[in-house]
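# Summary of structural features
Okay, here's what each chain looks like letter by letter:
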Number of protein chains: 2
Amino acid sequence: MNDTFVFNPIGMVRSCFSEKFGIPRQPRLAPAARATMEIFPPYDQDEAFGGLEAFSHLWLVFVFHGIPKGCWRPTVRPPRLGGNRRTGVFATRSGFRPNPIGMSAVVLEEIHRHQGRLLLELSGIDLLDRTPVLDVKPYLPYSDIIPEATGGFAAAPPRPWPSIEYTDRARQACALLESTYPGFVDLLNQVLGADPRPAYMDGHARTEFGVRLHGVNVRWTHRQDTIVVHTIEVPADPPALPEGV
Amino acid sequence: MNDTFVFNPIGMVRSCFSEKFGIPRQPRLAPAARATMEIFPPYDQDEAFGGLEAFSHLWLVFVFHGIPKGCWRPTVRPPRLGGNRRTGVFATRSGFRPNPIGMSAVVLEEIHRHQGRLLLELSGIDLLDRTPVLDVKPYLPYSDIIPEATGGFAAAPPRPWPSIEYTDRARQACALLESTYPGFVDLLNQVLGADPRPAYMDGHARTEFGVRLHGVNVRWTHRQDTIVVHTIEVPADPPALPEGV
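A brief look at the structure comes next. (Residues numbered from 1 in each chain as written. Chains lettered and ligands numbered in written order. Predicted model: local features only at pLDDT ≥ 70, side-chain atom pairs only at ≥ 80, totals over all residues. Heavy atoms only, no water.)

### Details of the packing of aromatic side chains
- Evaluated as defined, the whole model comprises 14 aromatic pairs over all chains.
- Between F62 of chain B and F64 of chain B the ring centres are 5.1 Å apart and the planes differ by 70°, which places this aromatic pair in the edge-to-face class.
- Each member of the aromatic cluster is reached from another via a ring pair, and the members are W59 and Y139 of chain A together with W59 and Y139 of chain B.
- Sitting above the plane of the F96 of chain A ring, R73 of chain A keeps its charged end 4.5 Å from the centroid. (Phe/Tyr/Trp six-rings, centres within 6.5 Å; stacked < 30°, edge-to-face > 60°. Lys NZ or Arg CZ within 6 Å of the ring centre and 35° of its normal.)

### Section: the interface of chain A and chain B
- In this complex, chain A contributes 76 residues to the contact, which on the side of chain B involves 76 residues.
- A combined buried area of about 6900 Å² lies between chain A and chain B, and 64% of that area is made up of carbon and sulfur atoms.
- Here D144 of chain A makes a salt bridge to R93 of chain B, at a shortest N to O gap of 2.4 Å.
- There are 30 residue pairs in polar contact (both at pLDDT 80 or more) connecting chain A and chain B.
- Where the side of chain A that touches chain B is concerned, the elements lending two or more residues are β1 (5-7), β4 (57-63), β6 (87-88), β7 (101-114), β9 (131-138) and α1 (141-144) of chain A.
- Its residues assigned to classes, the side of chain A that touches chain B shows 47 nonpolar, 18 polar and 11 charged.
- For β1 of chain A and strand β1 (residues 5-7) of chain B, the ladder comprises 3 bridges, and the chain directions are antiparallel. (Contact = heavy atoms within 4.5 Å. Buried area = accessible area lost by both parts, 1.4 Å probe. Salt bridge = Lys/Arg side-chain N within 4 Å of Asp/Glu carboxyl O. Polar contact = N/O pair within 3.5 Å; in protein donor to acceptor, adjacent residues only side chain to side chain. Helix = DSSP H or I, 4+ residues; strand = E, 2+ residues; numbered from the N terminus. Nonpolar A, V, L, I, M, F, W, Y, C, P; charged D, E, K, R; others polar. Pairing = 2+ DSSP bridges.)

### A few points about the sheet that holds strand β3 (residues 34-39) of chain A
- Taken in spatial order, the 6 strands of this closed barrel run β2-β3-β8-β7-β4-β9 (chain A), and their pairing is antiparallel. The sheet shows a mean angle of 45° between the axes of neighbouring strands, taken without regard to direction. (Axes fitted to C-alpha atoms, helices over the stretch in contact; angles between N-to-C directions.)

Printed below as a string of structure tokens:
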């Protein structure tokens, strides 16, 4: 079968996640993770989204950003299996699939216009900044909730990390950042609490890790059950919030 | 943004639904609705599906079959709203969307090979025969079940039709068909029980309706609370089951 299908994005997500590392492995693990989806013309018609506000959650069908075409592999090593055990790519939600299409159920906060552009405000997202979106659909509880569904390597949600501490300098930086990015500390706590490290790094206490949120570099180490955030690089000229936020 | 994305199907669904009318409006409303998905080369590698059997349900990301490109409309009339009230296309799961991509959570019965081809046996499907599939993903209960999700015009599952009767001739035809298509009567009862008519037809008792299942024509009328199946055209030479079944 030689059919090919050509799709154009209906919009783009502008999110707090400047890089892949640190993005929660499923949506809604970080409720403070907010994003704005801009709808592109000619799809930015109010009536095309009429009725969507009645739903608390929606599905985004998106294209994995930054995964070049032709990079699919029959097996991958999902982080939830420790990052060192291989499983079939179709048994995972990895982006390294033949058609790098992702699905994510997120919270719909608001639909509004800003400077003429139609924007969907979202939270609990797990999408990289600039992710192209192919489709938006309502989450239909009666159909999408399958109480009898079982299985797999990710049966339970990950346990949040018990304790996160900040050095004095990191705390000062946070205070500064809150004025530019309200909710920054909540977001950081949720992202670190979800433990973005691959599980096989669990024993490497001394290793330093880093994540970029809103373009801000954050670095931390692990000390027994405690994450210690020691460096937050406040840019002299903090990057503006994504357009439209 | 002028990005375009080109996708090739990884497989095709062969299903009992020979035409759009009669297809349940969401998956799993007709558990007897079975299908076989054939995986195309080069994706038909056992290892690419390794681990998927651990999941009871999977998502199919598919292309709505038979909806020509460029047919999207800002508003549609979903059957659940009676078929005569318009709502935004993005507030529905209608196929008349800018990118005619669908998502369906179905039951995974079995993964096996037949004459060298890799096949996924599915049930509770709502897909037209020959639907091209772009992706297969595990249904992840911990992430995909959102207990707090609310909303929309389809909050409750449709009520199954209370009573279905068969004329003697129809009953005889069913008996014949069961030998070719085991489970045909269950499937027919579930399809008719879900009431494929648009809701605005509810009062039109005399109207005759028809549906094609496995290529077999079935016709019925409504009499108060009873569906009366009066005609089942058993083909002289019943079409073979879809290849690979």
